[in-house]
2 protein chains.
Amino acid sequence: MAKLPSMFSLGNLLVLSLALNLSLILRMVYEREEGYRGKGSSCLKKQRGSLMADSGHRGALNLSLGDDSARASHSQGRERIINLDHGDPTVYETFWRQMGDKTSITIPGWQSISYFSDATNICWFLEPEFAKEVVRLHNVVGNAVTEGRHVVVGTGSSQLFLAALYALSPRDAAEPISVVSAAPYYSSYPSMTDYQKSGLYKWGGDAESYEKEGPYIELVTSPNNPDGFVRGSVVNRRQGLLVHDLAYYWPQYTPISSPADHDLTLFTVSKSTGHAGMRIGWALVKDEEVAKKMTKFIELNTIGVSKDSQLRAAKVLRAVSDSCDQEREGDSFFNFSYNKMAHRWHHLRAAVQRSGMFSLPSFSPAFCTFFAQVLEPQPAFVWLKCEGEIEDCESYLRGHNILTRSGKHFGVSPKYVRISMLDTDDNFTHFLDRLSAIQSS
Amino acid sequence: MAKLPSMFSLGNLLVLSLALNLSLILRMVYEREEGYRGKGSSCLKKQRGSLMADSGHRGALNLSLGDDSARASHSQGRERIINLDHGDPTVYETFWRQMGDKTSITIPGWQSISYFSDATNICWFLEPEFAKEVVRLHNVVGNAVTEGRHVVVGTGSSQLFLAALYALSPRDAAEPISVVSAAPYYSSYPSMTDYQKSGLYKWGGDAESYEKEGPYIELVTSPNNPDGFVRGSVVNRRQGLLVHDLAYYWPQYTPISSPADHDLTLFTVSKSTGHAGMRIGWALVKDEEVAKKMTKFIELNTIGVSKDSQLRAAKVLRAVSDSCDQEREGDSFFNFSYNKMAHRWHHLRAAVQRSGMFSLPSFSPAFCTFFAQVLEPQPAFVWLKCEGEIEDCESYLRGHNILTRSGKHFGVSPKYVRISMLDTDDNFTHFLDRLSAIQSS
């Protein structure tokens, strides 16, 4: 397992940071990002290229947020709309650009002709190379048990979510099975469950207040979208069927506690490596019949999953696993992404503290088996609460040209909003700038 | 428009062919395929590489069915299972291999990061390059009006079919809208319509016997899967909504009569260029609100469509359009594919006539605006009827290790079966061989 270096004192860091961030707002100095420095870890100890000469705490305190911030047009000022409603994971583009040709793929015109990838597999449209890299990456990261599991590939984990509902719903039941999740739950769960008005399954709302008898499906998202907390099931009744959405159970977002060992877990490249445009997700499924039914769903829905994207995803996952190889030179993907998130969260916390108008969730540090160190969660979304008189946080921030997603879409109060932490450096820099400006206005 | 050359007499051809085919069965001579020769057409006149030296009628009479037939293992004999149940379009692989690097695509690791392709488009996940090539190809082939249409991309046309049902179904209706199609209809329509038990739409069976009042959706597949006939709508009532599935409306399968000009038409690369593994289809949609709803469906279903495959599809469609350019050297895609289908249909008709146990649909020749000549349809499937005592044609052929799809799945008698004409040369050669063996057994 990879180890995180002993880090600087968070208290020292905060004080220094507050001072320096003030100068950020005033001076708008944009420099190249450096991120936290690592020492003594396998995945974190190696830094690439020009960063290798640096040492000490400068990375954490660096005022810039990345390459493209230098290109930001400051003339746009406060009229510029900063859209952080979606979780578009463009934050990792820099890493993949730095990798150069290593993860390029060339697909000849005569490939991907057949519908079939492996007619002997339950999931007959699963590219064997992709399946192999999924298993390898889980073994490298230690975030999921793959032994005794069927891999089912999907057009993103959205399709696999629907496939899971289809597979778990009883046939010929008198009424649709209830699908529940503890609030705040992922805002798309209700509409994804109900848009087809299926007679098989139906959105049942907040799992915390679910009281019906009989079978139900509970969606457990951990770490949770939108708030980033680690979760377990909450209904815990005899006839419960669980779907674990572990899209964010990767070392850059949360300490890896142990390999997830559930009946049905969902993952996606969108959030792990940041390749949302590929539309590739995967499920690890214990029960063969469930895997067969999920495969049947995808057959009826889209007759399989893009081979091109499966092949590309295989190459990208391989590059991530390779980058964690202790013998290799250069930054590992999780080193880069952990540092990136740490850097953003650090600056965000400082900005929020300065403002006094908002609050953030408070996370408990936990031991991360991947980095072999106690670390704090640093979620892919900020779950921001407007304090004081502001009842509709989304509208309030929209008034400052910051687009976020209201808590009401997640089944809770509109005093909360979800804000993406995965956007471009440029957008994130402007967001922090804007947040600070609110405080001073 | 491209022109087909004046062709040899079909009568002469048949006599010669029957004699020569007999020797095929006895001798199993495998040579390189040549196909029909073209003269005087823009798309058909140019032959590639070693074929250019040939002339006359040898192509049509050639006994071989392609490169890979030479590699067929004859030792497997009658135990070998020939699976022609699916319409896996591997027939075109030879063409794409011959194109070499021209249609290879290299995708760097930092591409396809974002969910978005063009946030200003109704279909925000549509790659502009793909949309451009779709419009260009329709203009080159003359098979669909694109002006005043919105292009919606889907994960194959299956997803677009479901998106169309979703978009056309009335919200808040007392009962689901009926979805009908004239038998024999595509075997997957009933299960695709009903597998989610949607409250929005419901399979209503054969359009010919549909008599309910009120709104309905009619699926018009032309040329039809399974039987290859050109079709129009049959219910023709005031509240009818039409979805035209034109997957096979391409010059290799059917004469192009005029540009299709409907409210909602579906196409797919699987059947046009043969790249089924890409899972890319597109819809041409007249009504903006319908295009928006279809986009919403795909957003909820899979949050967009693989960018990688869209980019590859753009390159492949561009190569097809380019290959029809009169100034270019080499075989055009439609020349190759037309010849391939003509060759297969010619040999199939001969084999069926010899057997005396089966019959085939009889098609009327029609003027093809693309080839500027009167031509016969040569569908992607054989709609074979077992004559005489055989009531279950699928079982009968399975007894001879030929897997086909029974007429009962298409809403008609089990005396019919659907057989793919798009499989590998090797499989098709063995199929003809087996069909002839049945007659002699």
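Right above here is the structure, for reference.
Bear in mind the structure is a predicted one, so any value in this text is a computation, not a measurement. (Residues numbered from 1 in each chain as written. Chains lettered and ligands numbered in written order. Predicted model: local features only at pLDDT ≥ 70, side-chain atom pairs only at ≥ 80, totals over all residues. Heavy atoms only, no water.)

Enquirer: Which parts of the structure should I look at to understand the interface of chain A and chain B?
Expert: Often, the extent of an interface is quoted as the loss of accessible area on bringing the components together. Between chain A and chain B, the residue contacts involve 58 residues of the former and 58 residues of the latter. Across the chain A/chain B interface, buried area totals approximately 5100 Å², and carbon plus sulfur atoms make up 54% of it. A per-residue breakdown of the area chain A buries against chain B is headed by Ile 113, Tyr 195 and Gln 196 of chain A, which together make up 15% of the total. Where chain A touches chain B, the interface holds four salt bridges. Notably, a salt bridge pairs Asp 172 of chain B with Lys 197 of chain A, separated by 3.9 Å at the nearest N-O pair. (Contact = heavy atoms within 4.5 Å. Buried area = accessible area lost by both parts, 1.4 Å probe. Salt bridge = Lys/Arg side-chain N within 4 Å of Asp/Glu carboxyl O.)

Enquirer: Before we go on, may I ask you to explain helix α4 (residues 128-141) of chain B in this structure?
Expert: Working note: α-helix, 3.6 residues per turn, so residues spaced by three or four point in the same direction. All names here are of chain B. With 14 residues, α4 extends 20 Å between its outermost C-alpha atoms, agreeing within 8% with the 20 Å of an ideal straight helix rising 1.5 Å per residue. Within α4, burial applies to Phe 130, Ala 131, Glu 133, Val 134, Leu 137, His 138 and Val 141. In a view along the axis of α4, the buried residues occupy a sector of 165°, so they form one face of it. Considering only its buried residues, α4 is in contact with β3 (150-155), β8 (264-268), β9 (280-285), α9 (307-323) and α10 (333-355). Following α4 by one or two positions, Gly 142 adopts a phi angle in the positive range, close to 75°. (Helix = DSSP H or I, 4+ residues; strand = E, 2+ residues; numbered from the N terminus. Expected span 1.5 Å × (residues − 1). Buried < 20%, exposed > 50% of the residue type's maximum accessible area, 1.4 Å probe, protein only. Arc of directions from axis to C-beta.)

Enquirer: What am I meant to see in the nonpolar core here?
Expert: Generally speaking, soluble globular proteins have nonpolar side chains that are buried together. Of all hydrophobic cores here, the largest spans 228 residues; its most connected members are Met 294 and Leu 348 of chain A together with Met 294 and Leu 348 of chain B. Other than its neighbours up to four places away in sequence, Leu 348 of chain A contacts Leu 360, Val 382, Met 421, Phe 428, Phe 431, Leu 432 and Leu 435 of chain A. (Core = buried A, V, L, I, M, F, W, Y, C linked by side-chain atoms within 4.5 Å.)

Enquirer: Got a minute to help me understand the sheet that holds strand β13 (residues 381-386) of chain A in this structure?
Expert: Hydrogen bonding along the main chain pairs the strands of a sheet, whether they run parallel or antiparallel. Residue and element names in this part refer to chain A. The sheet built from four strands is open, its strands ordered β10-β13-β16-β15 with antiparallel pairing. On the outer flanks of this sheet lie β10 (358-359) and β15 (405-406), each paired with one strand and no other. The sheet contact formed by β13 and strand β16 (residues 416-420) spans five bridges and is antiparallel. In the sheet register, Lys 385 faces β16, and the bridge partner there is Tyr 416. (Pairing = 2+ DSSP bridges.)

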